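Remarks on the overall topology
Below, each chain spelled out in residue letters.
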Amino acid sequence: MKIDAPRQYVIDNLKYALNPSSIAVVGASRYANKVGYKVIEGLKKWGYKGAIYPVNPRADEVHGLKAYRTVMDIPDTVDLVFVAVPAHLVKMVLEHTVAKKAKIVVIATSAFKEIGRGELQNSLTQFCRDNKLPLIGPNLVGMGSPYLHFNCGFIPYLPVEGPVAMISQSGANLLAALGTSQMLHFGMSFFVGLGNKADVDFSEFIVYGGNDIDTKCISTYIEGLDCPEAYIKACHLVVPHKPVVAIKVGGSQIGVKAAFAHTASENEGTNDSFYDEIFEKAGAIRATTWQEFLDVSLALGLQPELKGDNVVMITNGGGSGLLSCDHFERIGMPMKELRTISPLLVDRIRAYMPMFGSPLNPVDISGTASPIQYKGAITQAIRDPNVDAIYGSICPTAVTDVSAVTDIFIDIYNTYKHLGKPLIMECQGGEECNESIMKLRDHGIPAYPTAEQAVNAIVALRKYAKIKAKFSK
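Conventions adopted
- Residues numbered from 1 in each chain as written.
- Predicted model: local features only at pLDDT ≥ 70, side-chain atom pairs only at ≥ 80, totals over all residues.
- Heavy atoms only, no water.
- Helix = DSSP H or I, 4+ residues; strand = E, 2+ residues; numbered from the N terminus.
- Rg over C-alpha atoms; globule rule 2.2 N^0.38 Å.
- Buried < 20%, exposed > 50% of the residue type's maximum accessible area, 1.4 Å probe, protein only.
- Contact = heavy atoms within 4.5 Å.
- Areas by Shrake-Rupley, 256 points an atom, 1.4 Å probe, with all protein chains shown as cover.
- Lys, Arg positive; Asp, Glu negative; His and termini not counted.
- Charge placed at Lys NZ, Arg CZ, Asp CG, Glu CD.
- 1 Å grid on protein atoms, 1.4 Å probe; cavity = no way out; pocket = protein on both sides within 12 Å on 5 of 7 lines; lining within 4 Å.
- Points joined across faces, edges and corners; volume = space filled by probe spheres on them.
- Nonpolar A, V, L, I, M, F, W, Y, C, P; charged D, E, K, R; others polar.
- Axes fitted to C-alpha atoms, helices over the stretch in contact; angles between N-to-C directions.
- Parallel < 35°, antiparallel > 145°, perpendicular 65-115°, else oblique.
- Left-handed = near helix turned anticlockwise from the far one by under 90°.
- Pairing = 2+ DSSP bridges.
- Core = buried A, V, L, I, M, F, W, Y, C linked by side-chain atoms within 4.5 Å.
- Expected span 1.5 Å × (residues − 1).
- Arc of directions from axis to C-beta.
- Right-handed = clockwise from strand over helix to strand, strands pointing away.

Remarks on the overall build of the protein
Per the secondary structure count, the protein includes 18 helices and 19 strands. Taking 2.2 N^0.38 as the reference for a compact globule, 473 residues should give roughly 23 Å; the C-alpha atoms of the protein span a radius of gyration of 25 Å, in line with that estimate. Each of the three principal axes of the protein carries a C-alpha extent, and together these read 80 × 50 × 40 Å. Across the 473 residues of the protein, 60% fall into the buried class. Across the protein, the fraction of contacts at a sequence separation of at least 24, relative to all contacts at a separation of at least 6, is 74%. As presented, the protein carries roughly 18900 Å² of accessible surface, and 53% of it is formed by carbon and sulfur atoms. Of the side-chain charges in the protein, 46 are positive and 47 negative, and the distance between the mean point of each set is 5 Å.

Listed below in structure tokens is the structure:
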């Protein structure tokens, strides 16, 4: 159901969705393959310290915890009610939740608007709104935060700690992002699946993320926006301080139908241009592929905005440099020659490359580059006042000490972080490069296995600088 703007009572109560002191799990099950079992298992396994109250009228005990017949029978206060019962029982649970004065309700149950039962979903939503009870879902997978050791839903693992808040309609893609987080050190602050988003909207979690101290970038996976005006208003509050990234799917001819069947998203009458305009008005950075969505989110979460176009690439691989400069130009931010950026820097960098190297930009310090040459070239570039960002690249020749070069980039980044110049890395190669990428990410440097990914990240940092300037006025 539509809203015109983020609602303050909802934003105030979202803290109970991610950091509740007590949870009632309605539909708690004794059977390990049931959602109601997995929710409690996840809460306990990942270290939730609050009170857990299983609700099951046919059980005295679930997961070693005393079970209650209804939410109202729980003797203590309840912050969050997680609902995993069949759809026809949800109304009764909501009535009990309101009577209990719980702060927020999360409905995992499916079989509402996505199968044509829009009236039922709307009636439940209106009941919650009449009683100022924020409703997340229905038809969702859950939410959590690695910082709070909180995993609430049927979610197999938590992501690693980091700067990106992930707000997703799709549970499947949210779980994919969590898996990526663990495997590729893509750090998250919190995550939430909105499912059908009958009540709580993207806009309200965007504002919440804007106030969250662990969140540096807010990423939104969208199948349909019911409330574009609210999305725009929320972004206007946030983007002067933190970037918002958006990916919009379900725009293809068959995707329109698939998005409705998945999360009841209505896309009839809209197209890509419609959403381009919304994101432009909002100041959100749009990604067109899932990989780009993750790559630019990571960069925007870890690095400051890129204040100018003077990017200097230091590489030991000419091919990598060519891939990069072509992709920069392809997406509208051509690289400049080094002598155009800073004529004196050319000679200073020449001192750290063999005579067959190229100081053009990309600066190719050659396949024989030693850690000392890398250190000298990068230091000269980052200290130059005309340089806005450093783009580092490692290609593993037989004489390249990938580990030592990685450590040099980390040392230089820490030494010159106060300058506010982004440092982005590309490490294209085998296992040693993968290890380098993980280490760089763990130290706050966005690192990628391909030139195109790194360039996309740099261009997003430049876009955000322009957005920040525009919306801070």
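There is more to say, and it comes next.
So, the layout of surface pockets
Rolling a probe over the atoms, with the probe sized like a water molecule, indicates the empty space that remains. By volume, the largest pocket amounts to about 620 Å³. Lining the largest pocket are 27 residues; nearest its centre among them are Gly-27, Arg-58, Ala-84, Val-85 and Pro-86. Residue assignment for the lining of the largest pocket shows that the elements contributing at least two residues are α3 (35-45) and α4 (90-100). For the lining of the largest pocket, the leading source of residues is α4, giving three residues. Classifying every residue of the lining of the largest pocket gives 15 nonpolar, eight polar and four charged.

Focus on the packing of helix α12 (residues 318-330) against helix α18 (residues 451-471)
The geometry of α12 relative to α18 is characterised by a closest axis approach of 9 Å and an angle of 40° between their N-to-C directions. Our classification of the angle between α12 and α18 gives oblique. The interaxial crossing formed by α12 with α18 has right-handed handedness. In contact with Ser-320, Leu-323, Ser-324, His-327 and Phe-328 of α12, α18 contributes Ala-451, Glu-452, Val-455, Asn-456, Ile-458 and Val-459.

Quick word on the sheet that holds strand β1 (residues 22-26)
Strand order in the open sheet made by the five strands is β2-β1-β5-β6-β7, with parallel pairing throughout. Two strands bound the open sheet, and with one partner strand each, they are β2 (51-55) and β7 (135-136).

A word on unusual backbone geometry
In this structure, Pro-138 follows Gly-137 across a cis peptide bond, with omega equal to 0°. Within the secondary structure layout, Pro-138 lies in the loop between β7 and β8 (142-145). Not every positive phi belongs to a glycine, and Lys-101 is a case in point at roughly 65°. Note that Lys-101 resides in the loop between α4 and β6 (104-107). What makes Lys-101 exposed here is its relative accessible area of 66%. Here Ala-111, not a glycine, exhibits a phi torsion of approximately 80°, which is positive. Within the secondary structure layout, Ala-111 lies in the loop between β6 and α5 (118-130).

Description of the nonpolar core
Among the nonpolar cores identified, the biggest contains 98 residues, and Ile-136, Phe-205 and Tyr-231 are the most heavily contacted of them. If we ignore the near neighbours within four places in the chain, the residues touching Phe-205 are Leu-14, Leu-18, Ile-136, Ile-167, Phe-190, Val-192, Leu-194 and Val-200. Within the second largest apolar cluster, 36 residues are counted, among which are Leu-338, Leu-345, Ala-369 and Tyr-413.

Some details on α12
Taking 1.5 Å per residue as the helical rise, α12 with its 13 residues ought to reach 18 Å, and the 18 Å between its terminal C-alpha atoms agrees with that figure. Looking only at α12, the buried set comprises Ser-320, Gly-321, Ser-324, His-327 and Phe-328. Looking straight down α12, one finds that the buried residues subtend no more than 135° of arc, so they occupy a single side. Of the exposed residues in α12, those oriented more than 90 degrees away from the buried face are Leu-322, Glu-329 and Arg-330. Summarising the contacts, the buried residues of α12 are in contact with β15 (311-315), β17 (389-394), β18 (423-427) and α18.

Observations concerning α3
Among the residues of α3, those classed as buried are Gly-36, Tyr-37, Val-39, Ile-40, Gly-42 and Leu-43. The secondary structure elements touched by the buried residues of α3 are β1, β2, β3 (61-62), β4 (65-66), β5 (80-83) and β9 (150-153).

A few points about the pairing of β6
Where burial is concerned, the two faces of β6 agree: the one with Ile-104 and Val-106 and the one with Val-105 and Ile-107 are both buried. Where the polypeptide runs from β5 across α4 and back to β6, its parallel neighbour, the crossover connection is right-handed. A crossover connection joins β6 to the parallel β7 through α5; in handedness this β-α-β unit is right-handed.

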